[in-house]
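An overview of the molecular structure
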Amino acid sequence: MTAKLIFAAAPQKDQTIELKEFCPPAFFDLPTLPFFSDESIAFLNELSSSILKRDDIRSFPELLALAFWLRKGNLRPIINAWKEKLSKEEMVFARGVAFHIAPSNVDSIFLYSWALSLLSGNLNLVRVSRKRSMQLEILFEIIEDLYKTHQLVAERNKLFTYEHDDEISGYFSINADLRILWGGDQTVSLIKGLNSKPTVKDVAFSDKSSLAAVDTKSYLKLNDKERSELAHSFFNDAYWFDQKACSSPGRVYFIGDQAPEVSKLFWDYLGIEIVKNEALDDVSFSIKKLTAFYKKILDHKGLEPLIQGRYDRPTVLLQKSGPAVHPTCGGGFFIEGRLANLEELANVIKLQDQTLSYFGLSSESLKRLCDNTLGLGLDRIVPIGHALDFYPVWDGYDLLTEFSKRLTLL
């Protein structure tokens, strides 16, 4: 039985180590760190600084966003706000050993939940995807270097990968006090089916989809510069992770009488942003999108072609009737809907919808929408441009609460 480490920046530096040599039973007996320890905050702050010092950081906007989030100046307010929720009778401790299954579609997202688990004082075992990316290589290179001067963190946190293997996963599962499961329904079901402690806490992120809503009257009031800025913000939401992040919009609803006019303007401005960012489809992906395009039409009545076959434009289907359809292709594939008013949006929100990103809608109208749906089907409502922003409350979980144990002392 082996576990393959991927701390190194270059694949050829990977090591293959026997599982119990890599993670001996003694690991599970290590004492946890104090909740919000100075050591964990210092480590994460240095991780942030190391990322920001890279000359090529502007080429990786998702890492730039991560680095700003990990700064001590950002973490302190998060910590202080969470502490205010505690009563004077409560003490907080780590849960123990946390086993993380990181997602493959958004390769750097595990850093956020790992950071919060580290702040909670837990020992962390993090299995990352075997898919390699430059972003992961950069992160592992930096982390490996920081481990040399942060022994307390290094000996309590292991990052690794291995081929899917129930025996290896089972070893980590049975010793875990907390399982943090990214990767969708299949991964969640697989890991939950493994043996575990009766007291294990599961934080599971199942398959999710997201949508955007644009008020057409508000959009038509924008000037050229403002429309370009909105297109840039929407591009970041949808294209940073190739539209594979659970919070990236796949369905876009134009609300109001001017929907056809605004639809054309919105996609045209997005096309300009696609060209500017050189996010053009190559031949193979164009074929993949075209195949998905016609398959959706065949599988779902009420869908009509809107934009297709353009390497410099998104692929868009217009849905005129039927239950809400979510695209699964990624890479700039959208389903458009046109609604008379915001109240109609309640009819197309699905239970598995996570994030609604919006433009031109008031807080009051959005609150009414939530009341009408009884809060079902949405976990987050954010302005366009903030769909990928990470918050300590994610998918309805207050992660610091889930990752920690409260003790009441009367």
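Structure first, text after, so check above.
Residues numbered from 1 in each chain as written. Predicted model: local features only at pLDDT ≥ 70, side-chain atom pairs only at ≥ 80, totals over all residues. Heavy atoms only, no water.

1. What to know about the side chain of Ser247
Cut-off, in case you're wondering: Comment: elements are numbered from the N terminus, with helices defined as DSSP H or I runs of at least four residues and strands as E runs of at least two. A 1.4 Å probe rolled over the protein chains alone gives each residue an accessible area, and that area as a share of the maximum for its type sets the label: buried under 20%, exposed over 50%, partly exposed in between. Under this definition, polar contacts are N or O atom pairs within 3.5 Å; protein pairs additionally need one hydrogen-donor-capable and one acceptor-capable atom, and for neighbouring residues in sequence, both atoms have to be side-chain atoms. Here a residue-residue contact requires only that any non-hydrogen atoms of the pair lie within 4.5 Å.
By the secondary structure assignment, Ser247 is in the loop between helix 11 (224-239) and strand 10 (249-255). Note on Ser247: relative accessible area 3%, which makes it buried. A distance of 3.0 Å separates the side chain of Ser247 from the backbone oxygen of Ala387, its partner in a polar contact. The contacts of Ser247, once residues within four sequence positions are left out, are Ser210, Gln354, Thr355, Arg380, Ala387, Leu388 and Trp394.

2. Brief notes about the sheet that holds strand 14 (residues 353-359)
The following threshold applies: Any two strands are treated as partners once DSSP identifies two or more bridges connecting them. For helices, the fitted axis covers only the stretch in contact; all axes are lines through C-alpha atoms, and the angles between them, taken along N-to-C directions, range from 0 to 180 degrees.
Read across the open sheet, the seven strands follow the order 11-12-13-10-9-14-15; overall the sheet is mixed. Every interior strand has two partners, whereas the edge strands, strand 11 (303-307) and strand 15 (380-383), have only one. Strand after strand, the sheet turns through a mean of 25° between neighbouring axes, direction not considered. Bridge count for strand 14 against strand 15 is four bridges, and the pairing is parallel. Residue Ser357 lies in a different strand from strand 15, and its bridge partner there is Val382.

3. A closer look at the packing of aromatic side chains
Short version of the rule: Ring pairs are drawn from Phe, Tyr and Trp, using the six-membered ring of Trp, whenever the two centres fall within 6.5 Å, and their geometry is named by plane angle: stacked under 30 degrees, edge-to-face over 60, tilted for the rest. Each ring is checked for a lysine NZ or an arginine CZ that lies within 6 Å of its centre and within 35 degrees of its normal; such an atom marks a charge sitting over the ring.
Overall, the coordinates contain 31 aromatic pairs when judged by the stated rule. Pairing Phe28 with Tyr171 gives two aromatic rings, centres 5.7 Å apart and planes at 75°, and the pair type is edge-to-face. Pair noted here: Phe28 is in the loop between helix 1 (19-22) and helix 2 (38-52) and Tyr171 is in helix 8 (residues 166-174), with a separation of 143 residues, a long-range link. The class for Phe28 is buried, based on a relative accessible area of 15%. Take Tyr171: its relative accessible area is 12%, and that puts it in the buried class. Ring geometry for Phe254 versus Phe266: centroids 5.4 Å apart, planes at 75°, classification edge-to-face. One end of the pair, Phe254, is in strand 10; the other, Phe266, is in helix 12 (residues 259-276), and 12 residues separate them in sequence. Side by side, Phe254 and Phe266 carry an identical accessibility label, which is buried. Here the guanidinium or amino end of Arg127 rests over the ring plane of Tyr162, the centre of that ring lying 4.9 Å away. Over the face of the ring belonging to Phe22 we find Lys158, whose NZ or CZ atom lies 5.1 Å from the ring centre.

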